[in-house]
Amino acid sequence: MTGTVTEAPAERVIHLKKFRVRYREAGTGHPVVLLHGSGPGATGLTNFSPNIGPLARRFRVLAIDMPGWGDSDTQTAETGYDHAGVLVEFLDALGIGTAALVGNSMGGMTSIEAATRHPDRISHLITMGVPAPVHLVFSPGDGPSEGLAVLFQAYRDPSPANMRRLVEVMVYDNSFATDELAEARSRAALDKPEHLASWNDRIDAQQGFPYFSLGTQVRGITAPTLLIHGRDDRVVSYENSLHLVSLIPDSRLVLLNRCGHWAQIEHAAEFNRTVESFIAATG
């Protein structure tokens, strides 16, 4: 039964073992957890602003600020950087047995890691612009992509000018890269210098993401999987999703022309319809 959601998502805070985590919640029904990307100033709300309301007409939507982002606590070397573990602890704290995961970029990495390590907790797996934890054949291998290079620079200097470069490289259509968005992301990043320092310290220490050690373990994912990727993604090449769809048994790939790294924003209406029907059809 599809309803109507007219109110803004409720802001909530939950205290986990190591972190105070803020999230937004709207709607009822099967839980759908939205996991944002890694850019400075990113939050669950900003990464999924055109998606929360439409998806909440049918599902219970939860958009998290993961530790190290938004209004949640900062992650450090002492607390660890286990986002998949935090996600499962979050589900436990809310009494959620299984949930659909919708993850953009870093959020997609968290989703895939959770679906690999905790298959009994994940009902559906949906990713957008996610890197694959396997060796790529055709994508550049001698350094970060164009988009990641811009992202790293924005973490060092989250000025409005650098944030403008960041939002421009995230999209195909620059009409989405507004001055207002760049300035808002800059303010959000500068308001949380501890988040910036945590990311930069991790990069300086060359601490990798445990996700990339999964390799072909992703073959064991049992959740129905939908991979969405922009053909014009300058941050994470669509070759990554081509690899993943060849590895994950119950998977399918939607490749969008004229689309960058933020499929959920640039093609919001199509994204919302596709995700809703996928979860409903494979539930």
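In what follows, the accompanying structure is described. Note that the structure is a prediction, hence the values are computed from the model and not measured.

Reading the values: rules and limits
Residues numbered from 1 in each chain as written. Predicted model: local features only at pLDDT ≥ 70, side-chain atom pairs only at ≥ 80, totals over all residues. Heavy atoms only, no water. Helix = DSSP H or I, 4+ residues; strand = E, 2+ residues; numbered from the N terminus. Polar contact = N/O pair within 3.5 Å; in protein donor to acceptor, adjacent residues only side chain to side chain. Phe/Tyr/Trp six-rings, centres within 6.5 Å; stacked < 30°, edge-to-face > 60°. Buried < 20%, exposed > 50% of the residue type's maximum accessible area, 1.4 Å probe, protein only. Pairing = 2+ DSSP bridges. Core = buried A, V, L, I, M, F, W, Y, C linked by side-chain atoms within 4.5 Å.

## Looking at the environment of S213
1) Next: Tracing the backbone shows S213 in the loop between α8 (193-204) and β7 (225-230).
2) Next: With 122 residues separating them in the primary sequence, S213 and L91 have C-alpha atoms 24 Å apart.
3) Next: A polar side-chain atom of S213 sits 2.6 Å from the main-chain carbonyl oxygen of P210.

## Considering the packing of aromatic side chains
Both the distance between ring centres and the angle between the ring planes are used here to describe each pair of aromatic rings.
1) Next: Summed over all chains, the structure comprises six aromatic pairs.
2) Next: Between the aromatic rings of F152 and W199, the centroid separation amounts to 6.4 Å while the plane-to-plane angle is 35 degrees, which identifies the pairing as tilted. Of this pair, F152 sits in helix α5 (residues 146-156) while W199 sits in helix α8, placing them 47 residues apart in sequence.
3) Next: Here F152 falls in the partly exposed class, since its relative accessible area comes to 28%.
4) Next: Accessibility expressed as a relative area gives 9% for W199, which makes it buried.

## Looking at the pairing of strand β2 (residues 20-26)
1) Next: Counting buried residues in β2 gives six out of seven residues, a clear majority hidden from the surface.
2) Next: As paired elements, strand β1 (residues 10-15) and β2 share six bridges and run antiparallel to each other. Among the inter-strand pairings, A10 is bridged to a residue of β2, identified as E25.
3) Next: Note: β2 against strand β4 (residues 60-64), four bridges, orientation antiparallel. Considered in β4, the bridge of Y23 is made with I64.

## Remarks on the nonpolar core
1) Next: Formed by 35 residues in total, the largest nonpolar core has its most connected members in V33, I64, F90, I112, I221 and L244.
2) Next: Where this core is concerned, the elements lending two or more residues are β2, β3 (31-35), β4, α3 (83-93), β5 (99-104), α4 (106-117), β6 (122-128) and α9 (239-247).
3) Next: The greatest single-element share of this core, amounting to five residues, is contributed by α3.
4) Next: In terms of nonpolar packing, the next biggest core, distinct from the first, is built from 23 residues, L55, A56, I228 and V275 among them.

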